[in-house]
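# Breakdown of the fold
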Amino acid sequence: MRSLAAFLPVLALAVVALSPTVPTDVPGGLSGGDTLTTQRSVEAFAWQEFVAIQWPAQKGKRGEADASKPLGDEGLKIWETWKTPEEIYLRDGAEPAPWSAPLPRERLLTDNLQAVQSDGTLPATLTDRYGHVVRYEIRFNKVLFDYLRSHKLYDSRQQQRTESVAFPDGAMMVKASWRELEPGEAPYYLTRECLVFDTKNGKPGRKRKRTMGLVGLHLVQKTPSAPQWIWATFEHTGNVEGTDPSFTPALAPGTKANQQTQTGIPNSIVRRAPLPARLRQLNRSQQQVLHTAGSVLQNYELVGAQWPVSGSEGRVEPAFVSNTTMESFVQESSCLGCHASARTLRTDKFVASDFVYSLRRAQPSVAEKPLISAPTKPLTEWDKQNWKAIQRGHALSERTYELLPKFVGNKLHCSSCHLDVGRNLSSSPWIGMFAPGKYDTPQKFYDRINQCFQRSMNGKPVPTDGSEMAAFNAYLRWLDEQWGTQPLPTPGMPKVEKLVGNPEQGKVIFAQKCAACHGTDGQGRYESKTYYRPALWGDHSFNNLAGLGAKPEKLAGFLKHNMPFGAGGSLTLQESWDLTAFVVAQPRPVKTP
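Reading the values: rules and limits
Along each chain, residue indices are assigned from 1 in the same order as the chain's sequence is written. Only residues with pLDDT of 70 or above have their local features reported here, since the model is predicted, and side-chain atom pairs are shown and tallied only from 80 upward, although totals for entire chains, interfaces and linings are computed over all residues. Hydrogens and water molecules were not included; the side-chain quantities draw on all heavy atoms of the structure. The numbering of helices and of strands both runs from the N terminus, where a helix is a DSSP run of H or I of at least 4 residues and a strand a run of E of at least 2. Atoms counted for the radius of gyration: C-alpha only. Globule rule: 2.2 Å times the number of residues to the power 0.38. Here the term buried applies to any residue with accessible area under 20% of the maximum for its type, exposed to any over 50%, and partly exposed to those in between, with areas from a 1.4 Å probe on protein chains only. The accessible surface values rely on the Shrake-Rupley method and a 1.4 Å probe; as for residues, cover is taken only from the protein chains in view. Positive charges come from Lys and Arg alone, negative charges from Asp and Glu alone, with His and the N- and C-terminal ends not counted. The atoms used to mark charge sites are NZ of Lys, CZ of Arg, CG of Asp and CD of Glu. Centre distance within 6.5 Å is the pairing criterion for rings of Phe, Tyr and Trp, where only the six-membered ring of Trp is used; planes under 30 degrees apart are then read as stacked, over 60 as edge-to-face, and the remainder as tilted. In our convention, an over-ring charge means Lys NZ or Arg CZ found within 6 Å of a ring centre and within 35 degrees of that ring's normal. Put simply, a nonpolar core is a bunch of buried Ala, Val, Leu, Ile, Met, Phe, Trp, Tyr and Cys residues held in one set by side-chain atoms that sit within 4.5 Å of each other. Here, residues are in contact when the closest pair of their heavy atoms is within 4.5 Å. Under the rule applied, a polar contact is a pair of N or O atoms within 3.5 Å (in protein, one hydrogen donor and one hydrogen acceptor; residues adjacent in sequence only if both atoms are side-chain atoms). For this document, the term salt bridge refers to a Lys or Arg side-chain nitrogen within 4 Å of an Asp or Glu carboxyl oxygen. A helix is expected to reach a length of 1.5 Å times the quantity of its residues less one. To get an axis, a line is fitted to the C-alpha atoms, and for a helix only the part in contact is used. The angle between two axes follows their N-to-C directions and goes from 0 to 180 degrees. Each angle is binned into one of four classes, with values under 35 degrees roughly parallel, values over 145 roughly antiparallel, values of 65 to 115 roughly perpendicular, and all other values oblique. What makes a crossing left-handed is the near helix being turned counterclockwise from the far one by less than a right angle; a clockwise turn instead makes it right-handed. Three classes are used, and their members are as follows: Ala, Val, Leu, Ile, Met, Phe, Trp, Tyr, Cys and Pro are nonpolar, Asp, Glu, Lys and Arg are charged, and the others, Gly among them, are polar. The patches described consist of residues with a relative accessible area above 30% and no salt bridge, like charges being joined within 9 Å and nonpolar side chains (Val, Leu, Ile, Met, Phe, Trp, Tyr) within 5 Å. pLDDT: the predictor's confidence for each residue, scored from 0 to 100.

### Focus: the overall build of the chain
Assigned secondary structure in the chain consists of 17 helices and 10 strands. Its C-alpha atoms give the chain a radius of gyration of 26 Å, near enough to 25 Å, the size a compact globule of 593 residues would have. Dimensions of the chain along its principal axes, counting C-alpha atoms only, are 85 × 50 × 50 Å. Looking at the chain as a whole, 52% of its 593 residues qualify as buried. In the form shown here, the chain has an accessible surface area of approximately 27100 Å², with 53% of it arising from carbon and sulfur atoms. If the 69 positive side-chain charges of the chain are averaged to one point and the 57 negative ones to another, these points end up 3 Å apart.

This is how it looks when you write it as structure tokens:
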């Protein structure tokens, strides 16, 4: 690999002056100009931030630049002296040491943090062409740390009493990705000697000292004009481009790019969306300035900068931003849209954590216990007599299209809609299916199940006298047994106030908050021929007669209380209706009543 900037044409104008002062906002803010003009300003702001936090830090003063040193000087950079989650979230929710506490003696990089996942069966580790696993670290600046510490958000017990989280302007965080370097590569990277180790069964393995090179950096700042933060991401120029890219080895026969692999097998990564010419020109200009300054940062480039559009309803520009070392397998990602689902550890309701996911690492750990656990052990005599049928009913509900291909015409599970296999009270729970007056005869119960098979599963009726129906019957009766004598939950999907949805706005929201899981085409995630996230429309989804499509109020209630997955309650009611209007308007299988 050779230095990129050494071969760039000399440009007369330096786009961003080299300064250790971190900018506090985009000049002029984010309103008033046209989109392209604002985008250019945001990208210049991102380069300013990047250069500033890469300035050598003062010895013994965390987060402060040593302005007496040039940018290319050796030593830790400002951002490398920021606090890590490991320094903040301590055992039993203990108070972390103040900002001025010395840096940890060791720079540890583990495999705990991984790239964004698109395949539920394979590890989400990113492996370079030499078989080295990419490792990640997260760091927070003083503004963000001081807020966390003063509000005691490092303690999960405090979080469970917290009604809101609002970090002040100037809060910043970074996520860095590092790869182990080969001989001769170090001159072209920001390098550090680190101790790397892997974890197995939650226990750390042997530590190994390695020379690591920075290959990616997410850089996020909350500013007066961007309360939803400004999201910038940088990469090493040799990641996926050039004559010898780090993450684009030749593909093995029958394999595709940007897919997860078994441990130790290199991932072949390509950038799905080329950088716009405008951004490439800015990068070349800035790289030339850094080359003149003798900084190794000349080998890095801005690959995206995302910002919230002022006065709009959730619109961001650009719609997608991804880093090939972090969103390697899900490049149709929105930083802002994904982090909008970040929540505190409150279990009784959704409380946003102001786009910062790490709050959920607070101690003591909080385990959300299911209302009814999965069937693992018979407890009563009736359980023992029916145990095989109970477990089979649970399995059929959890892996429906795989186990019942004769009766299912799409790629959905019963649990795609009835979350937690019918045990979730906010997604049409199966508790109380045998309550007095629910179904007058067994046949009506069977008909209700087969209605789902014919509509939601776009398939055929299950024989009412077969082992499959007997298994469903046993599992649902077992749920009632576990529920006991408690008042029965409200049946069906949660009811919500009826609003008029805007499908165009729903399309925007889908791109921001849904596409990373379900794909921009709504076809779900089925890599390795395995269900990971369901199709929302198209041949693999429910047909036009299914409740979620034929009765939009059901879908709106489901979305409001359950989506994004794991962050139910984060969507506004209007967003839920807008998404509903968009999803039901998409093509899907059609059946006549």
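From this point on, the discussion continues.
### A short note on the packing of aromatic side chains
Overall, the coordinates contain 20 aromatic pairs when judged by the stated rule. Aromatic side chains Trp430 and Tyr475 sit 6.2 Å apart centroid to centroid with 85° between the ring planes, which places their arrangement in the edge-to-face category. With a gap of 45 residues between them, Trp430 in the loop between helix H10 (419-422) and helix H11 (442-454) and Tyr475 in helix H12 (residues 467-483) connect regions that are remote in the sequence. Among the residues examined, Trp430 registers a relative accessible area of 9% and is labelled buried. Residue classification places Tyr475 among the buried positions, given a relative accessible area of 0%. Site record: aromatic cluster; members linked through ring pairs are Phe434, Tyr439, Phe445 and Tyr446. Positioned above the aromatic ring of Trp99, the side-chain terminus of Arg62 is 5.8 Å from the ring centre.

### Describing the nonpolar core
Trp47, Trp79, Leu144, Phe167 and Trp229 are the most contacted members of the largest nonpolar core, which totals 83 residues. It is helix H1 (residues 35-53) that provides the largest number of residues to this core, a total of seven residues. Among all residues touching Leu144, those that are not within four sequence positions of it are Phe167, Ala171, Met172, Met173, Trp229 and Val356. Counting 52 residues, the second largest nonpolar core, distinct from the first, contains Ile372, Val408, Trp430 and Val583.

### Examining the side chain of Ser333
With respect to the helices, strands and loops of the structure, Ser333 is situated in the loop between strand S10 (316-317) and helix H6 (335-339). You can call Ser333 buried: its relative accessible area is 7%. A distance of 2.4 Å separates a polar atom in the side chain of Ser333 from the backbone oxygen of Val330. With sequence-adjacent residues up to four places away left out, Ser333 is seen in contact with Ala319, Phe320, Val321, Glu327 and Ala516.

### Considerations on the pattern of salt bridges
In total, this model carries 31 salt bridges according to the counting rule given. Put simply, Glu43 and Arg278 hold a salt bridge, and the shortest N to O gap is 2.6 Å. Residue Glu43 is found in helix H1, and its partner Arg278 is found in helix H5 (residues 277-292); the two are separated by 235 residues along the sequence. Overall, Glu43 belongs to the buried group, its relative accessible area being 3%. The shortest N-O distance in the salt bridge between Glu87 and Arg62 comes to 3.0 Å.

### Some details on H1
Between its first and last C-alpha, H1 extends 27 Å over 19 residues, near the 27 Å set by a 1.5 Å rise per residue. Turning to H1, its buried residues number three or more, namely Thr38, Gln39, Val42, Glu43, Phe45, Ala46, Trp47, Glu49, Phe50, Val51, Ala52 and Ile53. Close packing links the buried residues of H1 with strand S3 (172-180), strand S7 (208-223), strand S8 (226-236), H5, strand S9 (300-308) and S10. Here H1 starts with a cap whose side-chain oxygen sits 3.2 Å from the backbone nitrogen of Leu36, and that cap is Asp34.

### Some details on the environment of His291
Note that His291 resides in helix H5. In this structure, the C-alpha to C-alpha distance between His291 and Thr38, residues 253 residues apart in sequence, is 27 Å.

### A look at the packing of helix H16 (residues 552-562) against helix H17 (residues 573-584)
Think of two packed helices as two axes; the pair is described by the angle between the axes and how far apart they sit. Across the interface, H16 lies against H17 with an axial gap of 8 Å and an inter-helix angle of 130°. Judged on the interaxial angle alone, H17 and H16 are oblique. Considering how the two elements wind past one another, H16 and H17 form a crossing that is right-handed. Where H16 abuts H17, its residues Pro552, Glu553, Leu555, Ala556, Leu559 and Lys560 lie against Leu573, Ser576, Trp577, Leu579, Thr580, Val583 and Val584. A breakdown of the residues in the contact of H16 with H17 according to their chemical character gives nine nonpolar, two polar and two charged.

### Focus on the packing of helix H7 (residues 381-398) against H12
Interaxial distance between H7 and H12 falls to 7 Å at its minimum, and their mutual angle equals 110°. As judged from the angle between their axes, H7 and H12 are roughly perpendicular. For the pair formed by H7 and H12, the contact residues are Trp382, Asp383, Trp387, Ala389, Ile390, Arg392, Gly393, His394, Leu396 and Ser397 on the first element and Glu468, Ala471, Phe472, Ala474, Tyr475, Arg477, Trp478, Glu481 and Gln482 on the second. Taken together, the residues of the contact of H7 with H12 sort by class into 10 nonpolar, four polar and five charged.

### A look at a positive patch on the surface
A cluster of basic residues, Lys438, Arg448, Lys495, Lys551 and Lys554, forms a positive patch at the surface. Secondary-structure assignment places Lys495 in the loop between H12 and helix H13 (503-513). For Lys495, a relative accessible area of 73% translates into the label exposed.

### Here's the deal with the confidence of the model for the chain
On average, residues of the chain score 94 in pLDDT, and 97% of them are at 70 or above. Long-range and interchain partners of residues 5-14, a stretch whose pLDDT sits below 50, account for 17 contacts in this model, where long-range means more than four residues apart.

### Let's talk about the environment of Leu144
Inspection of the secondary structure assignment puts Leu144 in helix H3 (residues 142-150). Sequence-wise, Leu144 and Lys83 are 61 residues apart; in three dimensions their C-alpha atoms are separated by 9.5 Å.

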